[in-house]
Structure formats: C-alpha cells, structure tokens
Amino acid sequence: MGKENKLHVILLGRRNNGKSSLVNAITGQEISIVSDTPGTTTDPVRRGYEIPDLAPVVFIDTAGVDDDSPLGDKRAGSTARAIEQADMALLVIAGNRFEETEENLARRLGDNAIPFIIVHNKRDEQPLLPETRQHLVARYNAPVIDLSATRDDTLQPLIDALREIGRQVVVKPSSLLGDLLVPGDRVVLVAPVDSEAPAGRLILPQVQLIRDALDNHCIAIVAQPGELPAILREMTAPPRLVVTDSQAFARVAAIVPGEIPLTSFSIVLARHKGPFDEYLRGTPRVDDLQEGDRVVILESCSHHVTGEDIGRHKLPAWIRQRVGKQLHFDFVAGRDPLPRPATDYALAIQCGGCMVTPRQLSNRLQPLTRAGVPASNYGMIIAYLNGIFHRATRPFEKTNKPLPYQD
C-alpha cells in the first residue's frame, strides 16, 4: 500500500499526559523518548505500524500544547501543521481534566472534520470518573477509553476503537483512469527527461499511471516527446488516451491529433484527489490578476530546485508573460505554513500532490478557499496558459459537471 493510503493518527494533548508512552505501548517499540519532565517531545515524531484487519497506520506523536514559552509557541505551530496531515486523532487526557486546552483541540479537530477518540491515560493513578465519561460522550459523541499506557492489558479497547473508526476513514484507493478505459486500450505516457527528472528513475505520477494502466489490463507506452510522432504513426489504431508531463503540453498538443484525448499527469491527479470543480472555476481567474497581486505556489514535497523547476521558475514566468503585469509569488513546500494571511493572495496554484493524501491536500488548500482565493493546479493552469484547457480536461467531462468555459 502506498504512502498516501496509510491512516495517519495524531496524538494530541497536554505535556506529560503520556502521549509518547502511549505510542510506545501500542507499537511495542521505544519510538518516542519518555520522561517525567514535561515537554520532552518537541517536533512531531512519526512511526508506521500495522493494525490487523485495518491498514498500515502512521502514528504522529506531538509536543504538548500547554507550553506558553517562546519555544512552546514554536512547538504548538509544529503540532498545528501536523494536524493538517491527520486522518484521525487520539486526544489524550489524564486526571479527569478536560478544560479549555482540550476543548480548543476538539474544536480544531471538528473544524477539520477529523474524527477522534478521547483517551484517558494513567488510570492506575486516577481512574476515569463516570460523570467525566458521561459528559464527554454526550458533548463530543466520541469514544472515551480509560487505560494505562504502562499496562498492556488495558490497551485492547483502544485498538478496537481505532479499528472501528479507521474503517470509516480509510477509503480504498480508486483507479486513476479505470472509468475511462477498457481492457486492451493503449495509453501513451509522455515523460520528458530533463534536469528536473530524477536520475535513473521515473517520478511518482508516471509510475502510478503505468501501474494503473496495468491494473486495468491496458497497454502503457512510455516515451519522450521526441519519439511521440513515430509512435503515433506506427500504431494501427489511435491510443485511447495520451497523458503528458504538463510542461511539455504545448509541444505534445501540437503532435497529437485533436480527436485523440489528451491530458496531463497533474490533471489526472487533480481529478483523483483534488477539488477538481474548484480548479475548473479557479483556473481562468489567472486572467483577472492585477498589478501587484500576490500568487502562492503550493508544493506538497520538498526537492532540490533548479533553473528548470516548474513551480519556482517556469510557472511564474509564464503567468507574468500572460497577464503582462508585475506580480509577487510566494512558494510553500511540504508542511510549511503560509508566509502571510490567506486573504493576501489573489490566486493559489497547487502541485499534483502525488506525495500526500486527499485529506492532506484539502487541508492545505482549505484556508485559501475559505478566504475566497481561487485555486488551480499545475497541469490545469499550464493547459490554460497554452490555450488547451478545454481539450486537457475534456476526457473527464463524463464524470464531472459540464465545463463552464471554452478555450
């Protein structure tokens, strides 16, 4: 199972409530440093684990959120960013204490639609009171588990609750192109090899599309743009679909006859895990950019930047050329926070997101879309700038609402 299909479970709570001890107890490994000194955990610690009859799980152990020192503020920021990566949460309390700190965490989880389990730890020191359980269940409609991380015989109810809620959260991966293909179809994948291509291997979206074609009993033909004309001439029947790297859109579109469906790896991913309809509405808004507007480019992974980098160099240059105005660009990689308020931006452009889950991608965009910032995707904005937006998204018209534009 790929990284994007693992269930990410975050542990939240005050310092010294036993979050790290709980991760160690569940996994049976000394993953997180444990100490009686509050604040031992600093940056989030991640550990993979397999829960039988569920899925691979990534536990995210976080720093306590009740440290009001300058360093504590930084730790709280790391915890807040980690919440964006979570599919579900364990809200760890102790001593029957559920106050403003815990209420704020529960509210944040609710705002992000992240289901959670309330774990009352250290029951060997002070058991959960019936009135505390009754209040929490009534208010949050969440499981409340009383346990001690130091006693293995108290952990099974938590594992059972993780399994039950996890089954509701985990969505079996759907096919990228299965609804568009039938067995025996030929799919041509155009994969340029330049300074941005990793040495000796393909990038993840290319690998995913090859595997998806095989899973659907189709034939994947992989080539660079220079070989594409010869491949199309030699085929006895046109391919069912051509998928290209976005930055080669203009060159490939000029080669592939108009009757052959054409799209990009990034647009396929946008349809698979992104807010596709949001991108459809937001992409044409690039033409509304005004002098001095600010655009944010969202990269879901960190990577070495070269002069041919699509997000850092090519996209800004192409957009400036299109609108003919002075624009400002901010770049956000991985889990880094936005460098300024969401309302400062006139447009957001998200990469394909091959390294993140749909929830993580949605959480990343949410502050921007809530602020009314139009959003696009690498492949869709590049198609629009090349005048082939309609053609590049047309293969998906059957599975989405009619597209509200023309090139």
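Structure first, text after, so check above.
Residues numbered from 1 in each chain as written. Predicted model: local features only at pLDDT ≥ 70, side-chain atom pairs only at ≥ 80, totals over all residues. Heavy atoms only, no water.

Novice: I tried to follow the packing of helix α9 (residues 265–273) against helix α13 (residues 378–385) on my own but got confused; where do I start?
Specialist: Packed helix pairs are characterised by how far apart their axes lie and by the angle those axes make with each other. With their axes 7 Å apart at the nearest point, α9 and α13 run at an angle of 130° to one another. It follows that α9 is oblique to α13 by the angle criterion. Considering only the axes of α9 and α13, their crossing is left-handed. Touching S266, I267 and A270 of α9 are Y378, G379, M380 and A383, all from α13. (Axes fitted to C-alpha atoms, helices over the stretch in contact; angles between N-to-C directions. Helix = DSSP H or I, 4+ residues; strand = E, 2+ residues; numbered from the N terminus. Parallel < 35°, antiparallel > 145°, perpendicular 65-115°, else oblique. Left-handed = near helix turned anticlockwise from the far one by under 90°. Contact = heavy atoms within 4.5 Å.)

Novice: What exactly am I supposed to notice about the nonpolar core here?
Specialist: Nonpolar side chains tend to gather and get buried jointly when the protein is soluble and globular. Counting residues in hydrophobic clusters, the biggest one holds 71 residues, and the most contacted among them are L177 and I349. The leading source of residues in this core is α13, at seven residues. Counting 27 residues, the second-largest nonpolar core is a separate cluster that includes L7, F59, L90 and L158. (Core = buried A, V, L, I, M, F, W, Y, C linked by side-chain atoms within 4.5 Å. Buried < 20%, exposed > 50% of the residue type's maximum accessible area, 1.4 Å probe, protein only.)

Novice: Is there a simple way to explain the packing of aromatic side chains in this structure?
Specialist: Note on aromatic pairs: each is described by the distance of the centres and the angle between the planes. Applying the stated criterion across every chain, the model contains five aromatic pairs. Aromatic side chains Y384 and F389 sit 5.6 Å apart centroid to centroid with 80° between the ring planes, which places their arrangement in the edge-to-face category. Side by side, Y384 and F389 carry an identical accessibility label, which is buried. Grouping aromatic residues by their ring pairs yields a cluster made of F98, F116 and Y140. (Phe/Tyr/Trp six-rings, centres within 6.5 Å; stacked < 30°, edge-to-face > 60°.)

Novice: What is the right way to look at unusual backbone geometry in this model?
Specialist: Leaving glycine aside, a negative phi is the common case for residues, and trans is the common case for peptide bonds. The residue N141 is not glycine, and still its phi comes out positive at about 50°. Examined against the element boundaries, N141 turns out to sit in the loop between α4 (130–140) and β6 (144–146). With a relative accessible area of 70%, N141 lands in the exposed category. In this structure, H217 is a non-glycine residue whose phi angle is positive, near 60°. By the secondary structure assignment, H217 is in the loop between α6 (204–215) and β8 (219–223).

Novice: Before we go on, may I ask you to explain the sheet that holds strand β5 (residues 116–121) in this structure?
Specialist: Two modes of strand pairing occur in sheets, parallel and antiparallel, and in both the strands are linked by backbone hydrogen bonds. Reading across from one edge, β2-β3-β1-β4-β5-β6 is the order of the six strands in this open sheet, with mixed pairing throughout. Each edge of the sheet is formed by a strand with only one pairing partner; in this case those strands are β2 (45–51) and β6. Averaged over all pairs of adjacent strands, the angle between their axes in this sheet comes to 25°, without regard to strand direction. In this sheet, strand β3 (residues 55–61) lies alongside β2 in antiparallel orientation, the contact comprising seven bridges. Following the sheet pairing, V45 is matched in β3 by D61. (Pairing = 2+ DSSP bridges.)

Novice: In this structure, what is going on with the pattern of salt bridges? I would like to understand it.
Specialist: Within the structure shown, the criterion is met by 15 salt bridges. Ionic pairing is found between E103 and R139, a salt bridge with its closest N-O pair at 3.3 Å. Taken together, the residues span a long stretch of sequence, with E103 in helix α3 (residues 100–111) and R139 in helix α4 at a distance of 36 residues. The class for E103 is partly exposed, based on a relative accessible area of 23%. Its relative accessible area of 45% is what places R139 among the partly exposed residues. In this structure, R322 engages D287 in a salt bridge whose closest nitrogen and oxygen atoms are separated by 2.9 Å. Placement of the pair is R322 in helix α11 (residues 310–323) and D287 in the loop between α10 (276–282) and β11 (294–299), with a sequence separation of 35 residues. One connected set of salt bridges, linked through shared partners, spans R14, R97, E99 and E102. (Salt bridge = Lys/Arg side-chain N within 4 Å of Asp/Glu carboxyl O.)

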